[in-house]
Amino acid sequence: MKGIFAVALGVLTAIGGFLDAGDLVTNSVVGSRFGLTLSWVVVVGVIGICLFAQMSGRVAAVSGRASFEIIRERLGARMALANLGASFLINLMTLTAEVGGIALSMQLATSIEPTLWMPVAAFAVWLVIWRVKFSIMENVAGFLGLTLVIFAVAVFLLQPNWLDLGSQILQQPSPHSSESPATYWYFAIALFGAAMTPYEVFFFSSGAIEEKWTAKDLAQSRANVFVGFPLGGILSIAIAASAAIVLLPKGIAVDSLYETALPVAQAAGKLGLIVVILGFVAATFGAALEVTLSSGYTLAQFFGWPWGKYRPPVKAARFHVTMIISLLIALGVLLTGVDPIQVTELSVVFSAIALPLTYLPILIIANDPKYMGDRVNGRATNFLGLVFLAIILIGSISAIPLMIITGAGS
Amino acid sequence: MTRSAALAIGLRENDNITSAVLDTALADVAQKLGEGEASLASLAATGGIAAQRDRIIAEVRSAGNTVHRVQASLAAGRGDGDALDAQRIRLGRVAARLEKLFGKLEGAG
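Please read all numbers here as calculations on a predicted model, not as lab measurements. (Residues numbered from 1 in each chain as written. Chains lettered and ligands numbered in written order. Predicted model: local features only at pLDDT ≥ 70, side-chain atom pairs only at ≥ 80, totals over all residues. Heavy atoms only, no water.)

1. A closer look at helix α2 (residues 21–34) of chain A
Residue and element names in this part refer to chain A. With 14 residues, α2 extends 19 Å between its outermost C-alpha atoms, agreeing within 8% with the 20 Å of an ideal straight helix rising 1.5 Å per residue. Its side-chain oxygen at 3.1 Å from the backbone nitrogen of G22, D20 defines the N-terminal cap of α2. Backbone geometry just after α2 places G35 at a positive phi near 65 degrees. (Helix = DSSP H or I, 4+ residues; strand = E, 2+ residues; numbered from the N terminus. Expected span 1.5 Å × (residues − 1). Polar contact = N/O pair within 3.5 Å; in protein donor to acceptor, adjacent residues only side chain to side chain.)

2. A closer look at the layout of surface pockets
All names here are of chain A. Roughly 660 Å³ of volume is contained in the second largest pocket. G10, T13, E138, N139 and N224 are the residues nearest the centre of the second largest pocket, which is lined by 33 residues in total. For the lining of the second largest pocket, the secondary structure elements donating two or more residues are α1 (2–18), α6 (134–145), α10 (198–210), α11 (218–246) and α12 (257–303). Ranked by residue count, the leading element in the lining of the second largest pocket is α1, at 10 residues. Taken together, the residues of the lining of the second largest pocket sort by class into 17 nonpolar, 11 polar and 5 charged. (1 Å grid on protein atoms, 1.4 Å probe; cavity = no way out; pocket = protein on both sides within 12 Å on 5 of 7 lines; lining within 4 Å. Points joined across faces, edges and corners; volume = space filled by probe spheres on them. Nonpolar A, V, L, I, M, F, W, Y, C, P; charged D, E, K, R; others polar.)

3. Observations regarding the packing of helix α9 (residues 181–195) of chain A against helix α16 (residues 379–406) of chain A
Residue and element names in this part refer to chain A. Two numbers describe how α9 lies on α16: the axes approach to 9 Å, and their chain directions differ by 130 degrees. On the basis of the axis angle, α9 is oblique to α16. Helix-helix and strand crossings are classified by hand; for α9 and α16 the assignment is left-handed. Listed contacts from α16 to A182, T183, W185, Y186, I189 and F192 of α9 are F388, I391, I392, G395, S398, A399, L402, M403, I405 and T406. Split by residue class, the contact of α9 with α16 holds 12 nonpolar, 4 polar and no charged. (Axes fitted to C-alpha atoms, helices over the stretch in contact; angles between N-to-C directions. Parallel < 35°, antiparallel > 145°, perpendicular 65-115°, else oblique. Left-handed = near helix turned anticlockwise from the far one by under 90°. Contact = heavy atoms within 4.5 Å.)

4. Re the pattern of salt bridges
This structure, assessed with the given rule, holds 10 salt bridges over all chains. For R97 of chain B, the salt bridge is made with E59 of chain B, and the minimal N-O distance between the two is 2.8 Å. Here E59 of chain B lies in helix α3 (residues 47–75) and R97 of chain B lies in helix α4 (residues 82–108), a separation of 38 residues in the sequence. The exposure class of E59 of chain B is buried, given its relative accessible area of 15%. Linked by salt bridges that have partners in common, R65, E69 and E73 of chain A make up one network. (Salt bridge = Lys/Arg side-chain N within 4 Å of Asp/Glu carboxyl O. Buried < 20%, exposed > 50% of the residue type's maximum accessible area, 1.4 Å probe, protein only.)

5. Structural notes on the nonpolar core
Residue and element names in this part refer to chain A. In terms of nonpolar packing, the biggest core is built from 166 residues, with L38, F52, L148, V276, F280, L293 and Y359 touching the most fellow members. For this core, the element with the highest residue contribution is α12, accounting for 22 residues. With residues near it in sequence (within four places) discarded, L148 still touches L19, L24, L235, V276, G279, F280 and A283. (Core = buried A, V, L, I, M, F, W, Y, C linked by side-chain atoms within 4.5 Å.)

Everything listed here is a matter of coordinates, which is why it stays silent on function.
Structure follows, in structure tokens:
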């Protein structure tokens, strides 16, 4: 019974924790501009994140060490440094987007300027990381994030023409003449980057160590990934669908967070709106915690510093200082007046650019018997891993030219 | 963005939106219209294109004024009924005219 409860809890928090500011914004933008024509990207992205998250979770559970520690040992300092540089910079961009996302969500709840919420949000993230136990932190944020199920409820309440909505999935590349093919592919890469954000893998791997997983916990890890993430992916599609039903016909292209919530308001009124705002706060706050921790994890694991929330802060001082500095940088960037939504949109595209540096090392380690014993990847996993590396590489190479051609999708 | 404001005002008429979200929507639209107007005004243009640009600026200003009127009505507690509906319709019309003007400008460019 206890085991079933643990699996259910893990799956629920995986669903609730799947969405972050990047997913919320990108899916809504895409739904309002392209309908459901890009839903296939979410499906591909979810398969990819499932594949690599279970791989990195398995590496951590079997070897008892986090991915980044092994990457440096196995691939050498130079390769690890490239991985670290890319991941850390993307983490900083993602953290900026998430802290900005918390502030924008709080503005929706209070109508107080987001600039005033930004320092509060950054401080609250630090305080929770400093004081709250890892498992409580992860589970509470994940559970509250489940309120975003309201998007799926809203899709039903809006009573769309299901045939029309479903047929959008098959209309390729885009039925909307006002959007160019380059813009379509730019947003395809953005959606892919949003689904496969690097911090998720580092957090998943390091979280396995925090929670002292062993090979016995692999079944639970797989359930979290293979059930939780796809259900999270369905929520992503529901966000796009709600925008496709309400905003697309009115010619509203989303460029603010409140616009993401309007379809829910139309479908479920004030109560729905309150639930969705709670979901926004939980999703962005939970992701901010994960990204901040990931920043500390990657740097500490690369340099061999003591790390982890299971250690008292005094015994992992540099790990904690890294997280504080990361939060201060993110806050500093936001206080220059940049638009958090634009940062979010750029962060998912830059995530896509950096993906090969994140996922290739994990594939290599997961095939090394020195660390994995007889739990190395099977043939099917390796085949899929290579297919995804090819997709990731194509996306990574195409991202910057498409960004220039389309003016960052504008 | 004017269409977003029109949608938010429509939701307010049906009591489907909280005042904080409506405030946020109107403030966001007002700010973006202001930025858009300033950015358009700084564009150098001559002849027919300059005339098109000036018409767009006038429409953007009109949309901005409408949003400010809605904000003022709400602040004064007069956010119900026909007055708000009229502003919503006005914003919808401005949005349609702006789309047409931008289309023409793109064609001319």
